[in-house]
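Listed below, chain by chain, are the residues.
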Amino acid sequence: MASVLILAAAGAAVAVLLALRLWVVLHSRVLVPRQSLSLLVVAGSGGHTTEILRLLENLSNAYSPRHYIIADIDEMSAHKINSFELNRADRDPSTMLPEYYIHRIPRSREVQQSWLSTVLTTLYSLWLSFPLTHRVKPDLVLCNGPGTCVPICISALLLGILGIKKVIIVYVESICRVEHLSLSGKILFHLSDYFIVQWPALKEKYPKSVYLGRIV
């Protein structure tokens, strides 16, 4: 009986320490000034990729290198990213070779996939996402709603919890979300450092979000 109580007390202590560490990570937004920031961008299929690339058009070359995460079977996004980076290099003569990389992970959820199987595929995606995120160790994660971004953002959060590196997570809700958040948005609203919405109705519902108007 005594050993059970000791284990329970130890488990409770670990849970409290992890909760405190999570609170510290979520409330720490200090970035050390530097010449460049390593950027990890989560691109989804179709409209998500188009929107995220429009956001990147306004970022300077200081956000480099750029690491793109796409689903393992998403060839369309890979083509869009390669075209975007080549066009970006053509517009800037000072850029000899664009420094970017494309990484692939399994989708967290397919269209019309059951919720039960979604849990399993998300855990599998998370299992593969953490080693990738740990290897890249980005300064900032930028995403806008594809299901693939959930395991990536959780992996980035784990880097901070484990004391490896604090990663800033910026989530931009899709322009098509006028009154309700996407499922990814509902999850990452509580985990991101900056949660940006593009419609005033969402700002009213979620006062802690950042409303900048239409940015894509």
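If you check an unreviewed UniProt entry, the chain appears there as UDP-N-acetylglucosamine transferase subunit ALG14 from Callorhinus ursinus. Of the comments in the UniProt record for the chain, the one headed Subunit (unreviewed entry) reads "Forms with ALG13 the active heterodimeric UDP-N-acetylglucosamine transferase complex." The annotation that UniProt attaches to the chain under Subcellular location (unreviewed entry) is "Endoplasmic reticulum membrane".

Residue position: Thr 148 is located in the loop between strand E4 (140–143) and helix H5 (149–161). With 105 residues separating them in the primary sequence, Thr 148 and Ala 43 have C-alpha atoms 8.0 Å apart. The contacts of Thr 148, once residues within four sequence positions are left out, are Val 42, Ile 69, Ile 105, Arg 107 and Ser 108.

The element strand E5 (residues 168–172) is largely enclosed, with a buried count of 5 among its 5 residues. Alternating positions in E5 separate into two faces, Ile 168, Val 170 and Val 172 on one and Ile 169 and Tyr 171 on the other, with burial throughout. Bridge count between E4 and E5: 4 bridges; the pairing is parallel. Pairing of Leu 142 across the sheet is with Val 170, part of E5. In this region the chain leaves E4, passes through H5 and returns to the parallel neighbour E5; the handedness of that crossover is right-handed.

About the criteria used
Residues numbered from 1 in each chain as written. Predicted model: local features only at pLDDT ≥ 70, side-chain atom pairs only at ≥ 80, totals over all residues. Heavy atoms only, no water. UniProt positions renumbered as here; feature names shortened; annotations may be inferred. Helix = DSSP H or I, 4+ residues; strand = E, 2+ residues; numbered from the N terminus. Contact = heavy atoms within 4.5 Å. Buried < 20%, exposed > 50% of the residue type's maximum accessible area, 1.4 Å probe, protein only. Pairing = 2+ DSSP bridges. Right-handed = clockwise from strand over helix to strand, strands pointing away.

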